[in-house]
Amino acid sequence: MAKAYNIEVKNGQRKTYEYRAHLHYMGMKWIARNHQWVMRTSDEAQVNSIIRFADDNKLICIVYDDQHGRNRNYRMNFFEKNAPMFGEYYICAYCFKPIRHKDVTVDHIIPVKKAKANRLANRLMERLDIRDVNEEKNLCACCHECNSRKGSKGGLWIIRGFLGKKKRFVIAVYILFISAIMAVLGIASYYGLVVRS
């Protein structure tokens, strides 16, 4: 079976609007909500032709295979393989807040956008033996706030995501947090800053 490629062409130094007739002629389809032209093909000559056209006309062209794109059932796969961490609560991998099932946002730890176009992200996926960006290894539970803040960022967010999936790590963070509060209260009590009843 031939390898299928997904192609996205977006505004770069120039606008795709100027080239819409040519992009349409090449077989690409305009997706208004994403503001980009898209195409799926297994013809490498066609892929190379579109890449050359985008480069020549200073447009952004991203080519990726199916393993680096978001699929429709990644949420279902995550919930099938991951039970709540504590009782009926999942834990946000980034801020460690308890979340009910209905409020969980399933997040790609290595973002889909990075997996599509970033060589470093692709190397990290290889190193961690993640063949598909939608694999359970690359998914974590998180709250809406953290998912919005993270977006397609990498760096420390990726480290926090992988660590936050581990129950032992979450327990250690909770113990550390409680210990810090107790230490602050002890110091405040020693200096008479806490009123005892």
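Preceding this section is the structure that the text describes.
Because the structure is predicted, anything quoted here is derived from the model rather than measured.

(A) Highlighting the pattern of salt bridges. Throughout the structure, instances matching the rule amount to 8 salt bridges. A salt bridge links Glu 88 to Arg 100, with the shortest nitrogen-to-oxygen separation between them at 2.1 Å. Residue Glu 88 is located in the loop between α3 (74-81) and β5 (89-91), and its partner Arg 100 is located in strand β6 (residues 98-100); the two are separated by 12 residues in the primary sequence. Residue Arg 100 is classed as partly exposed on the basis of its relative accessible area, which comes to 37%. A salt bridge links Asp 107 to Lys 150; the nearest nitrogen and oxygen atoms lie 3.0 Å apart.

(B) Region of interest: the environment of Asn 122. Along the chain, Asn 122 turns up in helix α5 (residues 119-127). Of the residues examined, Asn 122 reaches a relative accessible area of 23% and is grouped as partly exposed. In this structure the C-alpha to C-alpha distance between Asn 122 and Lys 153, which are 31 residues apart in sequence, comes to 15 Å.

(C) Quick peek at the environment of His 101. Relative to the assigned elements, His 101 resides in the loop between β6 and β7 (105-108). Note on His 101: relative accessible area 43%, which makes it partly exposed. Leaving out residues up to four positions away in the same chain, His 101 has contacts with Phe 79, Glu 88 and Tyr 90.

(D) Highlighting the layout of surface pockets. By volume, the largest pocket amounts to about 650 Å³. Along the wall of the largest pocket there are 20 residues; nearest its centre are Glu 8, Asn 34, Gln 36, Tyr 64 and Lys 116. Elements with a minimum of two residues in the lining of the largest pocket: β1 (5-10), β2 (29-31), β3 (36-41), β4 (60-65) and α4 (112-117). Looking at the lining of the largest pocket, its residues break down into 7 nonpolar, 4 polar and 9 charged.

What counts and what doesn't
- Residues numbered from 1 in each chain as written.
- Predicted model: local features only at pLDDT ≥ 70, side-chain atom pairs only at ≥ 80, totals over all residues.
- Heavy atoms only, no water.
- Salt bridge = Lys/Arg side-chain N within 4 Å of Asp/Glu carboxyl O.
- Helix = DSSP H or I, 4+ residues; strand = E, 2+ residues; numbered from the N terminus.
- Buried < 20%, exposed > 50% of the residue type's maximum accessible area, 1.4 Å probe, protein only.
- Contact = heavy atoms within 4.5 Å.
- 1 Å grid on protein atoms, 1.4 Å probe; cavity = no way out; pocket = protein on both sides within 12 Å on 5 of 7 lines; lining within 4 Å.
- Points joined across faces, edges and corners; volume = space filled by probe spheres on them.
- Nonpolar A, V, L, I, M, F, W, Y, C, P; charged D, E, K, R; others polar.

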